[in-house]
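Commentary on secondary and tertiary structure
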Amino acid sequence: MKELKDMEGLLVCPFTKKSLRLMTEKELVSLNAQIKHGDLFFYPGAPVNIELTAALVTSNQTYIYPIINNISYLQRNTAIVSKNRTANHLRRVSPKEIAQFYKTYGIGEGNFIEKPSKELNSNPISQEKITQLARLLPKGGEYFMSVVTHDVDSIHNLTYGRSFKYYFHMDFSLSRLLAVKDELPRETILVLGDVDHLPFDDSSVEALFSFDYINNYEKDVQELAYEELKRCLKPDGVSIMLYDNSKPMHASSQLKSDQRSKKALAMIAPWKKVKLPNIFFYPINKETEAPESTGFFSQSIAW
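Residues numbered from 1 in each chain as written. Predicted model: local features only at pLDDT ≥ 70, side-chain atom pairs only at ≥ 80, totals over all residues. Heavy atoms only, no water.

Turning our eyes to something else, we now look at the overall build of the chain. Along the chain, the regular secondary structure elements total eight helices and 12 strands. Considering only intrachain contacts with a sequence separation of at least 6, the fraction spanning at least 24 residues in the chain is 71%. Counting only carbon and sulfur atoms, one obtains 50% of the accessible surface of the chain, whose full area is about 15,200 Å². (Helix = DSSP H or I, 4+ residues; strand = E, 2+ residues; numbered from the N terminus. Contact = heavy atoms within 4.5 Å. Areas by Shrake-Rupley, 256 points an atom, 1.4 Å probe, with all protein chains shown as cover.)

What follows is the structure, given as structure tokens:
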């Protein structure tokens, strides 16, 4: 918890992008009293049914996010709110929907995720490729982030020889996050988030490596994910994103558009120095990992 206390201002509410802070012991006592009284709900409408020992909260205490088993639950669906701030407070949430929500997040008696699965949404890439790609990342700084993988060795190799004050690992799947939790260094800060509503402040992250194939998502989600990534990176930050070479890559067109805008601005107003983060998209061929014919970074796009 000390790490989260030190970083107040970095983590933000996925809805409002307002800063989050740890709740005090006094606030937690009041929070648990409200939960016991039935006054608080998870955003989809399920009543909060657990006592919390730690949580993050916005300054006006409108949105609260639980910390369970040292994982910060920062998805929109895991926000704790009053009834009138649920997804649809005028609609009755059925017992079946409530039970499914508890089961999905392992919340409440009988809903523990006993055997977490390492979901293979993105394939591991060779350690040789990891070493090559890692050369693009800064050697040190404040915040390093790895995103979505079951391959713990790759995370260790990415961070080897680097000196960052804080190391994050974020996933969009709770079961996969739980599956790798005990294999990561103890100081790693674990975050459950949404790909299209990242819970990090503007211009805050210096280094990010995502094993998640960004083009596994629909076009609108890809576009939102790209904009969120650009928002979170520091002006001199670096991000490496993998993508499936066999699928449409909509986010790359946004990046190319940004490149053209930057060049146009440089011609029109050369005195305006615009420093933008470096975003690399690296292609993966699922069958052979990466086709030799593409060459290293030949299909990568940086700006």
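Quick reminder: α-helices carry 3.6 residues per turn. Residues three or four places apart thus point the same way. Taken as a whole, helix H5 (residues 152-159) has its buried residues at Val-152, Ser-154, Ile-155, Leu-158 and Thr-159. All buried residues of H5 lie within an arc of 155° about the axis, which places them on one face of the element. After H5 finishes, the residue Gly-161 shows a positive phi value of roughly 80°. (Buried < 20%, exposed > 50% of the residue type's maximum accessible area, 1.4 Å probe, protein only. Arc of directions from axis to C-beta.)

Here the focus is the pattern of salt bridges. Taken as a whole and judged by the stated rule, the model has 11 salt bridges. Of the charged contacts, one joins Asp-196 and Arg-76 as a salt bridge, the two residues approaching to 3.2 Å between their closest N and O atoms. Remark: Arg-76 occurs in the loop between strand S5 (71-73) and strand S6 (80-82) and Asp-196 occurs in the loop between strand S9 (189-192) and strand S10 (205-210); sequence separation between them is 120 residues. Within the structure, one salt-bridge network assembled from shared partners comprises Lys-17, Asp-202, Glu-228 and Arg-231. (Salt bridge = Lys/Arg side-chain N within 4 Å of Asp/Glu carboxyl O.)

Bringing the nonpolar core into the picture now. Counting residues in hydrophobic clusters, the biggest one holds 39 residues, and the most contacted among them are Leu-56, Tyr-65, Met-145, Phe-168, Phe-200 and Phe-281. By residue number, the principal contributor to this core is helix H7 (residues 219-232), which donates five residues. Sequence-distant contacts of Tyr-65, defined by excluding residues within four places in its chain, comprise Cys-13, Pro-14, Phe-15, Leu-20, Ala-55, Leu-56, Tyr-73, Leu-74, Gln-75, Thr-78 and Ala-79. Among the nonpolar cores identified, the runner-up in size contains 31 residues, and Met-23, Leu-28, Val-48 and Val-180 belong to it. (Core = buried A, V, L, I, M, F, W, Y, C linked by side-chain atoms within 4.5 Å.)

Scanning the model with the defined rule gives 12 aromatic pairs in all. Seen in terms of ring centroids, Phe-168 and Phe-200 are 5.5 Å apart; in terms of plane orientation they differ by 85°. Their pairing is edge-to-face. A residue pair is termed long-range when its members are at least 10 positions apart, and Phe-168 in strand S8 (residues 163-171) and Phe-200 in the loop between S9 and S10 qualify at 32 residues. Take Phe-168 and Phe-200: they sit in the same class, and that class is buried. Ring-pair connections join several aromatic residues into one group, and the members of that group are Phe-42, Phe-101, Tyr-102 and Tyr-105. One cation-aromatic arrangement involves Lys-83 over Phe-41; the distance from NZ or CZ to the ring centre is 4.9 Å. (Phe/Tyr/Trp six-rings, centres within 6.5 Å; stacked < 30°, edge-to-face > 60°. Lys NZ or Arg CZ within 6 Å of the ring centre and 35° of its normal.)

Looking now at the packing of helix H4 (residues 127-134) against H5. Across the interface, H4 lies against H5 with an axial gap of 9 Å and an inter-helix angle of 35°. H5 is crossed by H4, and the crossing has right-handed handedness. Along the contact surface, H4 presents Gln-127, Ile-130 and Ala-134, while H5 presents Asp-153, Ser-154, Asn-157 and Leu-158. For the contact of H4 with H5, the per-class residue count stands at three nonpolar, three polar and one charged. (Axes fitted to C-alpha atoms, helices over the stretch in contact; angles between N-to-C directions. Left-handed = near helix turned anticlockwise from the far one by under 90°. Nonpolar A, V, L, I, M, F, W, Y, C, P; charged D, E, K, R; others polar.)

Before going further, it helps to spend a moment on the side chain of Glu-206. Examined against the element boundaries, Glu-206 turns out to sit in strand S10. When its relative accessible area of 13% is taken as the criterion, Glu-206 is described as buried. Only 2.5 Å separates the side chain of Glu-206 from the backbone nitrogen of Glu-142, close enough to count as a polar contact. In this structure the side chain of Glu-206 is engaged in a polar contact, spanning 3.4 Å, whose partner is the side chain of Lys-234. (Polar contact = N/O pair within 3.5 Å; in protein donor to acceptor, adjacent residues only side chain to side chain.)

Relative to the 18 Å expected for 13 residues at 1.5 Å per residue, helix H2 (residues 25-37) spans 19 Å between its end C-alpha atoms, a close match to the ideal helical length. All of the buried residues in H2 are Glu-27, Leu-28, Leu-31, Asn-32 and Ile-35. Along the axis of H2, the buried positions cluster into a sector of 135°, meaning they face one direction only. Exposed and facing more than 90 degrees away from the buried side of H2 are Lys-26, Val-29, Lys-36 and His-37. (Expected span 1.5 Å × (residues − 1).)

Moving on, we get to the pairing of S8. Among the nine residues in S8, seven count as buried, and that is most of the element. The pairing of strand S7 (residues 140-147) with S8 spans seven bridges and is classified as parallel. Looking at S8, one finds that Ser-146 is bridged to His-169. Running through H5, the crossover from S7 to the neighbouring parallel element S8 is right-handed. (Pairing = 2+ DSSP bridges. Right-handed = clockwise from strand over helix to strand, strands pointing away.)

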